[in-house]
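# What the coordinates show
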There are 2 protein chains.
Amino acid sequence: MAVLVQVNFPMQGPWGTEMAEAFRGLAESINAEPGFIWKVWIEDQAAGLSGGIYLFETREQAEAYVAMHTERLAGFGITDVTVVYSDVNETLSRLNRASLKAA
Amino acid sequence: MAVLVQVNFPMQGPWGTEMAEAFRGLAESINAEPGFIWKVWIEDQAAGLSGGIYLFETREQAEAYVAMHTERLAGFGITDVTVVYSDVNETLSRLNRASLKAA
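Residues numbered from 1 in each chain as written. Chains lettered and ligands numbered in written order. Predicted model: local features only at pLDDT ≥ 70, side-chain atom pairs only at ≥ 80, totals over all residues. Heavy atoms only, no water.

### Things to note about the overall build of chain A
Helix and strand counts for chain A come out as four helices and four strands. The order of helices and strands in chain A, counted from the N terminus, is β-α-α-β-β-α-β-α. The principal-axis extents of the C-alpha atoms in chain A amount to approximately 40 × 25 × 25 Å. For chain A, the proportion of its 103 residues judged to be buried stands at 51%. When contacts within chain A are restricted to residue pairs at least 6 apart in sequence, those whose partners lie at least 24 apart make up 66%. Counting every atom, chain A has about 4800 Å² of accessible surface; 51% of that belongs to carbon and sulfur. (Helix = DSSP H or I, 4+ residues; strand = E, 2+ residues; numbered from the N terminus. Buried < 20%, exposed > 50% of the residue type's maximum accessible area, 1.4 Å probe, protein only. Contact = heavy atoms within 4.5 Å. Areas by Shrake-Rupley, 256 points an atom, 1.4 Å probe, with all protein chains shown as cover.)

### Thoughts on the interface of chain A and chain B
How big an interface is tends to be stated in terms of accessible area lost as the parts join. Listed by partner, the interface residues are 39 residues for chain A and 39 residues for chain B. For the pair chain A and chain B, the summed buried area comes to about 3400 Å², and 57% of that belongs to carbon and sulfur atoms. Of all residues in chain A, Leu-92, Asn-96 and Arg-97 of chain A give up the largest surface area on contact with chain B, accounting jointly for 21% of the area buried on that side. Taken together, chain A and chain B are joined by zero salt bridges. If you look at where chain A meets chain B, you find 25 residue pairs in polar contact (both at pLDDT 80 or more). Taken together, the elements giving at least two residues each to the side of chain A that touches chain B come down to β1 (3-10), α1 (16-22), α2 (24-30), β2 (36-44), β4 (82-88) and α4 (90-95) of chain A. (Buried area = accessible area lost by both parts, 1.4 Å probe. Salt bridge = Lys/Arg side-chain N within 4 Å of Asp/Glu carboxyl O. Polar contact = N/O pair within 3.5 Å; in protein donor to acceptor, adjacent residues only side chain to side chain.)

### Thoughts on the relation of the copies chain A and chain B
With an RMSD of 0.0 Å, the fit of chain A onto chain B corresponds to turning through 180° and sliding 0.0 Å along the axis. The transformation relating the two chain copies, once decomposed into turn and shift, fits a two-fold axis. No C-alpha of chain A lies nearer the rotation axis than that of Ser-99 of chain A, which sits 3.2 Å from it. The fraction of interface residues of chain A whose copies in chain B are also interface residues reaches 100%, indicating that both copies meet through the same surface. (Least-squares fit on C-alpha atoms with pLDDT ≥ 70 in both.)

Spelled out as structure tokens, the structure:
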């Protein structure tokens, strides 16, 4: 069963197209993480918040990624990271047109 | 630009296949909401938590849905609802294989 992870943290930018340029290499590396399916990158410039919504194949793979990623964020000076793991109700998610596979 | 909404709240069940049966009609109605793109239904039976990750076309449409949905949840006795709205960084999300369209 797929596992969804909500990762949220304060960030001071970059935003939008600059954010996309700055984190392109990081995003490419994430595609190679074990069990990784997809990530939606989120940003709120007005509130100074960023993060990501991830889908992983298993809880263990999600936890291994988050442990590594939290350490990486700390290296960027980002330490106030909140993480919520959830199971996915696949029947209802499919009914509501969510893709549970890599696009 | 698509808007992602994280909705989280305590829930005492039902879970899994029973949850899918109980909320099938609700899920079908969500497909008809203005600006709705997709929803991932989340559940954590051990922690007693549920919610959803939504993608909407605009912030206004997301806010209108959440106002209605929060009232509906209160009718189920669920009042401790947290909501986070974010812009989506579409370039990075596409690079990380997320679908920003209805499946």
